[in-house]
Amino acid sequence: PETGSLTVVVLGASGDLAKKKTFPALFHLYRQGFLPPDEVHIFGYARTKISDNELRNRLRGYLVSEKGASPQQLEDVEKFLQLIKYVSGSYDSEDGFRQLDKEISAHEYLKNSVEGLSRRLFYLALPPSVYPSVCRMIKTCCMNKSDLGGWTRVVVEKPFGRDLQSAEELSTEIGKLFEEPQIYRIDHYLGKELVQNLLVLRFANRFFLPLWNRDNIDNVQIVFREDFGTEGRGGYFDQYGIIRDIMQNHLLQVLCLVAMEKPVSLKPEHIRDEKVKVLESVLPIRDDEVILGQYEGYKDDPTVPDNSNTPTFATVILRIHNERWEGVPFILKAGKALNSRKAEIRVQFKDVPGDIFKCQTQGRNEFVIRLQPSEAIYMKLTVKQPGLEMSAVQSELDLSYGQRYQGVIIPEAYERLILDTIRGDQQHFVRRDELKASWKIFTPLLHRIDDGEFNPILYKPGSRGPAEADELLKQAGYVQTHGY
Ligand code: BG6
C-alpha cells in the first residue's frame, strides 16, 4: 500500500451532504484503521468564517449518536476531530485556495519527514454550478507538488447537470482540468453491498448463466420507494424531480449491472465498457410507457412553487435492443411519500410451458434482490404443499443477510466509495461516456416535463402511488405473485 501524507479536503464542509455522509464515512474509515493518524489530515473548506473548533462542534453529533456511544467511541470521535482543520474562502477566487494549499503543504512537510508521497483528495460536497470554478482553483493552487510523487483526485457528486447538454458542458469544463483517472463521479448506489453483489451473483453462479435472457425472463423491475416526502429539501428537489434525483443515476446504474454482458475481467475499464453498451442499446422511451405522479401536499412546502409540475413519482419502462433482452421490459419505479421504504430488483420469469399445476398455483418464479432495508436475496419457487394432498404452493429460498451474516457489519456506501477513491479504484464510479449515455436516455422526456407537456397524476402520501402505474405494470406483463 502507498504511504506518505494523505490529505482529504471536504469542500462544502458545513453542508448537509458533508455532515451527514462524508465526514461520518471518513470517521468510520478512521476507526477501522484506513486513515492512519500519522499520515492523514482532513480539511473542511467553505465560505462561512468559523474556527476549527466550531466546525468540530458542528460535526460531533453526526459522527456517533451520543446516547448509545461507548466511552471508546467517544474518545475516537475526539481524536478524529483533532485531525480536522478548517479553512474558509470563496469558491471562485484564489485567496482561500492559496491559503488551503499553504496549510496542506505545511502538513505534508511535517508528515513526510519520513519519505513518502503526497496524496490529495478533494471531495466536492457542493452544487454542480460551482464545480468548474472549484476545479479551476484546485488546478491553479492546490495540486500535489511532491518530487516523490503522489496524486491529486477530485470527487464529484450528482446531479452532474440537468440534461445531456448541461452534463456534457460540465464534463468538458472539468475534462480540461483533470484527466479521467483523476475524476471520481460518485453514485452512492454503486457502494451498496447488494449492488456490488450483482456481478458476483450473475457471473459466478451456473444457475443463472443459461436463464438470464429473453427466453426465460418475462420482466424486470427496479424499484425505489421512500415513505417520506421531500421534507426540508423541497427547494432543491423541485429543480430536479424524481427522474433526475433517483432514476437517471441510481436505478439506471443498477439496470446496467443487471443487464450487462460478462466483462472481460474485473478491471474498472472492462466493467464500464459493458455498462456503456447496455445504456447505448436502450431504445427511446415511449409516451405510453411513462406514468408520473406528485403527492398531495408536495406544493405546501413554501420553497416549492405553487404551480410546480415536478414529479415525485415515476414509473418508466426501458427496453434494451439487443440479443439478450429484446422484448423484455425493464420497469423502473421511483417514488417519494409512498407506503414503504424499500429498494429492490425483481426479476420475474416466464410461465412454465405446459404447466400441469396451473389450477393450484399461479406463481411465477421470481428472483429478488432487496438492496434495503434488511438486505436479502430470495427466490420464489413452487413446491409441493407439505401434507397428504398433491398440491403446489409458492415458497421462498431465502438468504436474509441479518440471519445468514449475523454480526457482520455491512459498510455504508460512502465509506466504501471514499476508500476506493483513496486506493485509486474506479470500478464503482461513473465514467464520462456512461454519464453521457444515461442522460441521453432521459433527456427528451425530461424536456417535455420541463415544458409542461407531461403532467404528474396526484397521489395520496402514504399510498402505493398512482393506480395507473400498477396498470402499466400489468400491461408490461408483470403478474402479481403470492407469498412475500
Ligand atoms: C439521494 C437522493 O441520492 O438518494 C435522495 O438525492 C434519496 O432524494 C437518497 O433520499 C436515497 O438514498 P438511500 O441510500 O437512502 O437509498
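Rules used throughout
- Residues numbered from 1 in each chain as written.
- Predicted model: local features only at pLDDT ≥ 70, side-chain atom pairs only at ≥ 80, totals over all residues.
- Heavy atoms only, no water.
- Helix = DSSP H or I, 4+ residues; strand = E, 2+ residues; numbered from the N terminus.
- Rg over C-alpha atoms; globule rule 2.2 N^0.38 Å.
- Buried < 20%, exposed > 50% of the residue type's maximum accessible area, 1.4 Å probe, protein only.
- Areas by Shrake-Rupley, 256 points an atom, 1.4 Å probe, with all protein chains shown as cover.
- Lys, Arg positive; Asp, Glu negative; His and termini not counted.
- Charge placed at Lys NZ, Arg CZ, Asp CG, Glu CD.
- Salt bridge = Lys/Arg side-chain N within 4 Å of Asp/Glu carboxyl O.
- Pairing = 2+ DSSP bridges.
- Expected span 1.5 Å × (residues − 1).
- Arc of directions from axis to C-beta.
- Contact = heavy atoms within 4.5 Å.
- Axes fitted to C-alpha atoms, helices over the stretch in contact; angles between N-to-C directions.
- Near = heavy atom within 4 Å.
- Polar contact = N/O pair within 3.5 Å; in protein donor to acceptor, adjacent residues only side chain to side chain.
- Nonpolar A, V, L, I, M, F, W, Y, C, P; charged D, E, K, R; others polar.
- Phe/Tyr/Trp six-rings, centres within 6.5 Å; stacked < 30°, edge-to-face > 60°.
- 1 Å grid on protein atoms, 1.4 Å probe; cavity = no way out; pocket = protein on both sides within 12 Å on 5 of 7 lines; lining within 4 Å.
- Points joined across faces, edges and corners; volume = space filled by probe spheres on them.

A. Structural view of the overall build of the protein. Looking only at helices and strands, the protein has 13 helices and 15 strands in total. Here the C-alpha radius of gyration of the protein, 24 Å, is about what a compact globule of 484 residues would show, namely 23 Å. Projected onto its principal axes, the C-alpha coordinates of the protein cover approximately 75 × 50 × 45 Å. Taking all 484 residues of the protein together, the buried fraction comes to 55%. For the protein, the accessible surface area stands at approximately 22000 Å², while carbon and sulfur atoms represent 52% of it. Both charge centroids of the protein, one from 63 positive and one from 68 negative side chains, sit 2 Å from each other.

B. Quick peek at the pattern of salt bridges. Under the criterion given, the structure shown has 41 salt bridges. Notably, a salt bridge pairs Arg-448 with Glu-453, separated by 3.0 Å at the nearest N-O pair. Counted as one network, the salt bridges with shared partners bring together Glu-269, Arg-272, Asp-273, Arg-431 and Asp-433.

C. Geometry of the pairing of strand S10 (residues 329-335). Within S10, 7 of the 7 residues are buried, which leaves it mostly tucked inside the rest of the structure. The alternating pattern of S10 places Pro-329, Ile-331, Lys-333 and Gly-335 on one face and Phe-330, Leu-332 and Ala-334 on the opposite face, and all of these are buried. Both strand S7 (residues 217-225) and S10 contribute to a ladder of 6 bridges, which runs parallel. Each residue of the ladder has a partner; that of Val-220, found in S10, is Phe-330.

D. Expanded view of helix H6 (residues 164-177). For H6, which comprises 14 residues, the first-to-last C-alpha distance of 20 Å matches the rise-based estimate of 20 Å (1.5 Å per residue) to within 8%. Listing the buried residues of H6 in full gives Ala-167, Leu-170, Ser-171, Ile-174 and Leu-177. With its buried residues spanning 115 degrees around the axis, H6 presents them on a single face. With respect to the buried face of H6, the exposed residues turned more than 90 degrees away are Gln-165 and Lys-176. Those residues of H6 hidden inside the fold are in contact with helix H5 (131-141), strand S6 (183-186) and helix H12 (432-450).

E. Just the sheet that holds strand S2 (residues 40-46), in detail. In spatial order, the strands read S3-S2-S1-S4-S5-S6; together these 6 strands make up an open sheet with parallel pairing. The sheet is open, and its two edges are formed by strand S3 (84-88) and S6, each paired on a single side. For this sheet the average axis-to-axis angle between neighbouring strands, irrespective of direction, equals 20 degrees. As paired elements, S2 and S3 share 5 bridges and run parallel to each other. Each residue of the ladder has a partner; that of Ala-46, found in S3, is Ser-88. Along the sheet, helix H11 (residues 413-423) makes contact with strand S1 (4-11), strand S4 (117-124), strand S5 (150-157) and S6, crossing S5 at roughly 150 degrees.

F. Molecular detail of the site of the ligand. The immediate surroundings of the ligand are formed by 13 residues, with Lys-158, Tyr-189, Lys-192, Glu-226 and Asp-245 found nearest. In the model, an oxygen atom of the ligand is placed 3.4 Å from a nitrogen or oxygen of the Arg-341 side chain. Gln-372 places a side-chain nitrogen or oxygen 2.7 Å from an oxygen atom of the ligand. The protein chains hide 82% of the 400 Å² of surface that the ligand would expose on its own. Looking at the shell around the ligand, the element that brings in the most residues is helix H8 (residues 234-259), giving 3 residues. Classifying every residue of the shell around the ligand by side-chain character gives 3 nonpolar, 3 polar and 7 charged.

G. Summary view of the environment of Pro-263. Its location among the elements puts Pro-263 in the loop between H8 and helix H9 (268-280). On the basis of relative accessibility, which here comes to 10%, the residue Pro-263 falls in the buried class. Sequence separation between Pro-263 and Asp-273 is 10 residues, and the spatial gap between their C-alpha atoms is 7.9 Å.

H. Region of interest: the sheet that holds strand S12 (residues 366-372). The strand order across the open sheet built from 9 strands is S14-S13-S12-S11-S7-S10-S9-S8-S15, with neighbouring strands paired in mixed fashion. Each having just a single partner strand, strand S14 (392-400) and strand S15 (457-459) make up the two edges of the open sheet. When the angles between neighbouring strand axes are averaged without regard to direction, this sheet yields 20 degrees. The strands touched by helix H7 (residues 193-203) within the sheet are strand S11 (342-349), S12 and strand S13 (376-384), with S12 carrying the most contacts at an inclination of about 145 degrees. Seen against the sheet, H12 touches strand S8 (290-295), strand S9 (313-319) and S10 and runs at an angle of roughly 140 degrees to S9.

I. Quick peek at the packing of aromatic side chains. In total, this model carries 17 aromatic pairs according to the counting rule given. Measuring from centroid to centroid gives 5.0 Å for Tyr-184 and Phe-429, while their planes differ by 80 degrees, and the two rings are edge-to-face. Of this pair, Tyr-184 sits in strand S6 while Phe-429 sits in the loop between H11 and H12, and the two are 245 residues apart along the sequence. Each member of the pair, Tyr-184 as well as Phe-429, is classed as buried. Taken together, a centroid distance of 6.3 Å and an interplanar angle of 65 degrees make the contact between Tyr-295 and Tyr-459 edge-to-face. Of this pair, Tyr-295 sits in strand S8 while Tyr-459 is found in strand S15, placing the two residues 164 residues apart along the sequence.

J. How the structure looks around empty space enclosed by the protein. Per the counting criterion, the structure on display carries 5 cavities of 30 Å³ or more. By volume, the largest cavity is sized at about 80 Å³. As for the largest cavity, its lining consists of Leu-190, Val-195, Gln-196, Leu-199, Leu-257, Ile-271, Lys-275, Gln-427 and His-428. If you list the elements that add at least two residues to the lining of the largest cavity, you get H7 and H9. When residues of the lining of the largest cavity are assigned to their parent elements, the largest contribution, 3 residues, is made by H7. Residues of the lining of the largest cavity, tallied by class, amount to 5 nonpolar, 3 polar and 1 charged.

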